[in-house]
Amino acid sequence: MSRPADLFDRRTALRAAGLLAATAAAAACSSGSSPELRLAAGEVGGFFWEFSGLLADAAAEANAARIVPITTAGSVDNLDALRSGSADLAMTLADTAYESIGDDLTAIGCVYENYFQIAVRHDSPVYAASDLRGRTVSGGAVGSGAALVTERVLDAAGLSAPGTVEVIQLSMQDAARALSANEIDAVMWAGGLPTPAFADPPIDIRLLDLSTVVADLRRRFGTAYEAVPVPVDVYGRHAAVTTVGIPNLLLARSSVPDRTAARLVDLLLDRSSALVPRQAIGSQFLDAQSLIMTGAVPLHPGAEAEYRGRHG
C-alpha cells in the first residue's frame, strides 16, 4: 500500500494540471461561503473520475461546496489520501473499503456499481478465466482497487498458486495499449460500462464470462460482490456475459462538518439525473434506499441525519 507521505509524489503532471484547473473552475463557479472539498477520484477517464466531475459541477451549481477532484490510481490510493488528510472525500470500491475499516472512515452514500471486467483480444484462445493459466495479465494499477479483485478472482478460478499467472500492474490506458499491441494476454479492471480506455477508440476485444466465480466470491467475502449482466456488444463484437459487480462508495473524513455532509446527500438525492456517468449502463443506485446501503462502513453522522430527516 502507498505511504501517505509520498502518495501524490508519484502522480504525473497531468494530475497537478487537473487540480489547478479544477480549483480555478470551482472558485469561479461558487461563492466564498462554500467549503472546499478535495475528492480523491481515480484515473482520468475512469468511472470514479467521471462521476466526481459531475458531482463537482452539481455542487458548484447548487453552491453546496467547491469540490476539487484529484487524480489517483484508484481505491487504495484514495483511502490513503483520506486517512492522511490529503483529501476530504474519496471514491472507493466497497470491498477495498471493507478491508480498511476504521474510526476515520465514514460514507456519504453508495452511489453506483463498478463492473469487474476481464478483456482479451477477439482472436485470443482464452474463453474462460481458467484459460489464463500460464499467461500474462494486467491486474490494475498500483494503488487501485482492481488489484484486490484480481487476486480474489484468480483464486476463485483456481489460478492463485505462484507462477500460475503473471500479473503486472498497468493503468487502464497503458493496459489497453498493451492488449492491443499483443504485449499481454488479458486485462482485468473495475470500471463502468463501457470504460472509455477500451471503447474510445474501440479495441477488438471480448469480455470473459465470470458467472462461475461470483458464487465463490459471495460465499467467501459476502455481498460486496454480485453477479451483473453485461449486454451484448458493449465494446464491439462480443456476446452478453455475466461479470462481478462491486458497489462504489463516496466516503468522507469524519472531520467534514455535518452540514456539509448533509448538503452532499441533498445533491445525490435531488440532482441524481445530473450525476449519471456515460459509463453507467446497468443498475442505477442514486435513490434513498440504495444510497444508505454502505455495508460495514458507517454513514457520516451528518449524512445519516439528512437521510433520516428526509425519508425517516
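All figures in this text were calculated on a predicted structure; none of them were measured in a lab.

### Remarks on the confidence of the model for the protein
Link 1 in the chain: Mean pLDDT over the protein: 87, with 88% of residues reaching 70 or higher.
Link 2 in the chain: When pLDDT is averaged over each helix and strand of the protein, the minimum, 40, is found for helix H1 (residues 13-29) and the maximum, 98, for strand E5 (residues 136-138).
Link 3 in the chain: Considering only residues more than four positions removed or in separate chains, one finds that residues 1-31, a stretch of pLDDT under 50, has 41 contacts.

### Here's the deal with the environment of Pro229
Link 1 in the chain: Assignment of secondary structure puts Pro229 in strand E9 (residues 226-230).
Link 2 in the chain: Every residue in contact with Pro229, bar those within four places of it in the chain, is listed here: Tyr115, Val241 and Thr242.

### A word on the packing of aromatic side chains
Link 1 in the chain: The final tally for this structure, using the stated rule, is five aromatic pairs.
Link 2 in the chain: Centre to centre, the rings of Trp189 and Phe198 are 4.0 Å apart; their planes meet at 20°, and the pair counts as stacked. For the pair shown, Trp189 and Phe198 are each scored as buried.
Link 3 in the chain: In this structure an aromatic cluster arises from ring pairing among Phe47, Phe51 and Tyr112.
Link 4 in the chain: The cationic tip of Arg152 hangs over the ring face of Phe221; the distance from NZ or CZ to the ring centre is 3.8 Å.
Link 5 in the chain: A cation over a ring is seen here: Arg206 above Tyr127, with NZ or CZ 4.1 Å from the ring centre.

### So, helix H6 (residues 172-180)
Link 1 in the chain: Residues of H6 that are buried include every one of Met172, Ala175, Ala176, Ala178 and Leu179, and no others. An end-on view of H6 places all buried positions within 165° of arc, on one side of the element.
Link 2 in the chain: Tucked into the core, H6 has its buried residues touching strand E4 (105-121), E5, strand E7 (186-191), helix H7 (196-199) and strand E8 (205-207).

### A look at the pattern of salt bridges
Link 1 in the chain: Overall, the coordinates contain 14 salt bridges when judged by the stated rule.
Link 2 in the chain: The closest approach of N and O atoms between Arg271 and Glu61, which form a salt bridge, is 3.4 Å. One end of the pair, Arg271, is in the loop between helix H9 (258-270) and helix H10 (288-291); the other, Glu61, is in helix H2 (residues 47-61), with 210 residues separating them in the sequence.
Link 3 in the chain: Exposure remark for Arg271: the relative accessible area of 29% places this residue in the partly exposed category.
Link 4 in the chain: Taking the relative accessible area as the measure of exposure, Glu61 reaches 61% and is therefore exposed.
Link 5 in the chain: What emerges from the salt-bridge pattern is a single network uniting Asp155, Asp216, Arg219 and Arg220.

Analysis parameters
Residues numbered from 1 in each chain as written. Predicted model: local features only at pLDDT ≥ 70, side-chain atom pairs only at ≥ 80, totals over all residues. Heavy atoms only, no water. pLDDT = per-residue confidence, 0-100. Helix = DSSP H or I, 4+ residues; strand = E, 2+ residues; numbered from the N terminus. Contact = heavy atoms within 4.5 Å. Phe/Tyr/Trp six-rings, centres within 6.5 Å; stacked < 30°, edge-to-face > 60°. Buried < 20%, exposed > 50% of the residue type's maximum accessible area, 1.4 Å probe, protein only. Lys NZ or Arg CZ within 6 Å of the ring centre and 35° of its normal. Arc of directions from axis to C-beta. Salt bridge = Lys/Arg side-chain N within 4 Å of Asp/Glu carboxyl O.

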